[in-house]
Amino acid sequence: MAISKKPKVSTPVHKHKPLSMYEAVLARFNQAADIYKLPEDVAATLRVPQKQVKVSLPVMMDNGKVKVFEGYRIIHSTYLGPSKGGIRFALDVNDDEVKALAAWMTYKCAVAGLPLGGAKGGITCDPRKMSPGELERLTREYTLAMCEVFGPDRDIPAPDMGTGKREMAWIVDEYSKIHRHYQPGVVTGKPITLGGSRGREAATGRGVMIHTLEAMKKMGIDRKKSTAAVQGFGNVGSYAATLLRSKNINVVAISDYTGAYYNERGIDLDKALQHQKKHGNTLEDFPGGELITNEELLTLDVDVLVPAALQNQISADIAKNVKAKLIVEGANGPTEVEADEILHNKGVIVVPDILANSGGVTVSYFEWVQNKQGYYWKEEEVNNKHDVYMQQAFEQVWYNSKQHKTNLRLGAYITAFKRLEKAIRYRGIY
Ligand code: GLU
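Along every chain, residues carry numbers that run from 1 in the direction the sequence is written. Thresholds applied to this predicted model are a pLDDT of at least 70 for local features of residues and 80 or more for the giving and counting of side-chain atom pairs; totals over whole chains, interfaces and linings are not thresholded and use all residues. To get the side-chain values, all heavy atoms of the structure are used, and hydrogens and water are removed first.

**Quick look at the overall build of the protein**
Per the secondary structure count, the protein includes 15 helices and 12 strands. Computation of the radius of gyration draws on C-alpha atoms alone. For the globule rule, the value is 2.2 Å times the number of residues to the power 0.38. At 22 Å, the protein has a C-alpha radius of gyration in line with the 22 Å of a compact globule built from 430 residues. Structurally, the protein occupies a C-alpha span of about 65 × 60 × 55 Å along its principal axes. Counting all 430 residues of the protein, 58% fall into the buried class. Here the protein has roughly 19,800 Å² of accessible surface; of this, 52% comes from carbon and sulfur atoms. Positive charges come from Lys and Arg, negative ones from Asp and Glu, while His and the chain ends are left out of the count. By convention, the point assigned to a charge is CZ for Arg, NZ for Lys, CD for Glu and CG for Asp. Where the 57 positive side-chain charges of the protein centre and where its 49 negative ones centre are 3 Å apart. Only runs of H or I of at least four residues qualify as helices and only runs of E of at least two qualify as strands under DSSP, and these elements are numbered from the N terminus. Type-normalised accessible area, obtained with a 1.4 Å probe on protein chains alone, sets the label of each residue: buried when under 20%, exposed when over 50%, and partly exposed for intermediate values. Where accessible areas are quoted, they stem from the Shrake-Rupley method and a 1.4 Å probe; at the residue level, only the protein chains shown are allowed to cover.

As structure tokens, then:
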């Protein structure tokens, strides 16, 4: 009797293996390099990071046991200046993800016209499950391990997911102790009393707002009659939502990892912020809107969709059902590669991450300049300068995408290539 082979019922069927985050960066890079005809020597130089550092960080936990964490800092490029980019504390941090985020920082700084290169750091950990003491010891241990990588004229970290001004204060303190003098310019996103910049905390959200307005002008959308859905209510999403609201754009949906909330008449954002404060920094059980799914939020019939949470949120399947006319990417990498073409063919305008969320690093640059000057600007001055940088960046990306008959994402890469190619040529490859 023939032995029948049992079918493997549990094997998931993937048409093709999903791209890793760095593969997704390269896919877009290669598309843009083809269109722009980026010379191969420059392309080869930019396809790989300049330096990758991985460290093991033993930390004494509150229970008296030692836990060893993995930490990364990846310098993608320093052609335009010292490298710049945040530090992420999250469970999914790995070298592929940090590498992708570092490369995006190179393009982001170049698009915004900043004299900075790109880098990213991260520690694989769950900051929500750690005490402030554990987080402080981990952050200081990481700073010590990276004391030869960081530097005000070498590599300048900043906040990213899971980190904020508190962690930046620990970094500046530890780094200054090691170097025996105060070095505020080693990190940005610091508390204002330690040399932080006014306007930095709101800057990424502010940039999202400016890019939304610029795109609406080009598209002929009347903002006073428009609606928006914002995915994510952290540093980027909460400021973006509030600032869009201040420009009379009706924010009808918000979300965080606990759920999404929809209110046809508009979400009361002050109430949402108060609720978040009272409920352990979450929107859980927020009474100001109907509970909907994440997918429903992403496919709502609104004018503007702002994904400001995690990467890989808009897949090809979601893209097919997106009803927004405009997507402004507050997060890094929220749209998957296959979704780009679907959205483009549907006529959806996507302001890409490396342009849309570059407001944060732009004000980081201003913070660094103020640290160098030892002279601090008023919030209005910071905001005005920020808005000018963002409007110029938007215009250039729009122009380059029209010139090369492509979407704004590839237009943004092309804008960055123009600056990077010049810098690489002037500095020379030997
Ligand atoms: N982490 C932020 C980003 O992804 C800010 C980086 C910075 O300010 O250096 O753009």
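**Points about helix H3 (residues 95-112)**
Over its 18 residues, H3 extends 26 Å from the first C-alpha to the last, a length consistent with the 26 Å expected when each residue adds 1.5 Å. Burial analysis of H3 places 15 of its 18 residues in the buried class, the great majority of the element. Here H3 starts with a cap whose side-chain oxygen sits 3.0 Å from the backbone nitrogen of Asp 96, and that cap is Asn 94. Downstream of H3 by one or two residues, Gly 113 has phi in the positive range, about 75°. How far a helix is expected to stretch is found by multiplying one less than its residue total by 1.5 Å. Polar contacts here mean pairs of N or O atoms no more than 3.5 Å apart (in protein, one a potential hydrogen donor and the other a potential acceptor; neighbouring residues in sequence count only if both atoms are side-chain atoms).

**Quick word on the sheet that holds strand E9 (residues 290-292)**
By this definition, two strands are paired if DSSP reports at least two bridges between them. Strand order in this open sheet of seven strands is E9-E8-E7-E6-E10-E11-E12, and the pairing throughout is mixed. Across the chains shown, the open sheet's two edge strands, defined by having one partner strand only, are E9 and strand E12 (349-351). In this sheet, adjacent strand axes meet at a mean angle of 20° when their direction is disregarded. The pairing of strand E6 (residues 227-231) with strand E10 (residues 304-307) spans four bridges and is parallel. What sits directly across from Ala 229, in E10, is Leu 305. In this analysis, two residues are considered to be in contact whenever any of their non-hydrogen atoms come within 4.5 Å of each other. Orientation is described by axes fitted as lines to C-alpha atoms, over the contacting stretch for helices, and by angles from 0 to 180 degrees between their N-to-C directions. The strands that helix H6 (residues 200-219) touches are E10, strand E11 (326-328) and E12; relative to E11, the one it contacts most, it runs at about 160°.

**A word on the sheet that holds strand E4 (residues 117-124)**
The five strands lie next to each other as E1-E2-E4-E3-E5, forming an open sheet whose pairing is mixed. Single-partner strands in this sheet number two, and they are strand E1 (51-60) and strand E5 (155-159). Averaged over all pairs of adjacent strands, the angle between their axes in this sheet comes to 25°, without regard to strand direction. In this structure, E1 lies alongside strand E2 (residues 66-77), joined through 10 bridges in antiparallel fashion. Residue Met 60 lies in a different strand from E2, and its bridge partner there is Val 66.

**Here's the deal with the packing of H6 against helix H13 (residues 359-373)**
Relative to each other, H6 and H13 sit at 145°, their axes nearing to 7 Å. In terms of crossing hand, the pair formed by H6 and H13 is right-handed. In this structure, H6 uses Arg 200, Ala 203, Thr 204 and Gly 207 to contact H13, whose residues at the interface are Gly 359, Gly 360, Val 363, Ser 364 and Glu 367. Grouping the constituent residues of the contact of H6 with H13 by class yields two nonpolar, five polar and two charged. Crossing handedness follows the turn of the near helix against the far one: under a right angle anticlockwise gives a left-handed crossing, and clockwise gives a right-handed one. Amino acids outside the nonpolar list (Ala, Val, Leu, Ile, Met, Phe, Trp, Tyr, Cys, Pro) and the charged list (Asp, Glu, Lys, Arg) are all regarded as polar, and Gly is one of them.

**A closer look at unusual backbone geometry**
Phi is positive for Arg 180, close to 65°, though the residue is something other than glycine. Residue Arg 180 is classed as exposed on the basis of its relative accessible area, which comes to 75%.

**Details of the site of the ligand**
Residues in close proximity to the ligand total 14 residues, the closest being Lys 84, Lys 108, Pro 159, Asp 160 and Ser 364. Here Asn 332 contributes a side-chain N or O atom positioned 3.2 Å from an oxygen atom of the ligand. Between the ligand and the protein, one listed contact pairs an oxygen atom with a side-chain N or O atom of Ser 364 at 2.6 Å. Burial of the ligand by the protein chains amounts to 94% of its free accessible area of 290 Å². Elements represented by at least two residues in the shell around the ligand include exactly strand E3 (83-90), H3, E5 and H13. Here the residues of the shell around the ligand are counted per class, giving four nonpolar, five polar and five charged. Throughout, near means a residue has at least one heavy atom within 4 Å of the molecule or strand.

**As for the pairing of strand E7 (residues 250-256)**
Burial within E7 is extensive, with seven of its seven residues counted as buried. With four bridges connecting them, E6 and E7 associate as parallel partners. Across the sheet, residue Thr 227 finds its bridge partner in E7, namely Asn 250. A clockwise path from the first strand over the helix to the second, with the strands pointing away from the viewer, defines a right-handed crossover. You can see the chain leave E6, run along helix H7 (residues 235-246) and come back into E7, and the turn it takes is right-handed. As defined by bridge partners, E7 adjoins strand E8 (residues 259-262) across four bridges and the pair is classed as antiparallel. Counterpart to Ala 253 in the pairing with E8 is Tyr 262. The hairpin formed by E7 and E8 contains two residues between the paired strands.

**Brief notes about the pattern of salt bridges**
As a working rule, side chains carrying opposite charge can pair if their charged atoms are close by. The salt bridge definition used is simple: a Lys or Arg side-chain nitrogen within 4 Å of an Asp or Glu carboxyl oxygen. Evaluated as defined, the whole model comprises 28 salt bridges. Salt-bridge contacts for Arg 47 lead to Glu 40; the nearest nitrogen and oxygen are separated by 2.9 Å. Overall, the relative accessible area of 23% leaves Arg 47 in the partly exposed class.

**Examining the pairing of E6**
Across the five residues that make up E6, a large majority, five, are buried. Neither face of E6 is left uncovered, since the one carrying Thr 227, Ala 229 and Gln 231 and the one carrying Ala 228 and Val 230 both have all their residues buried.

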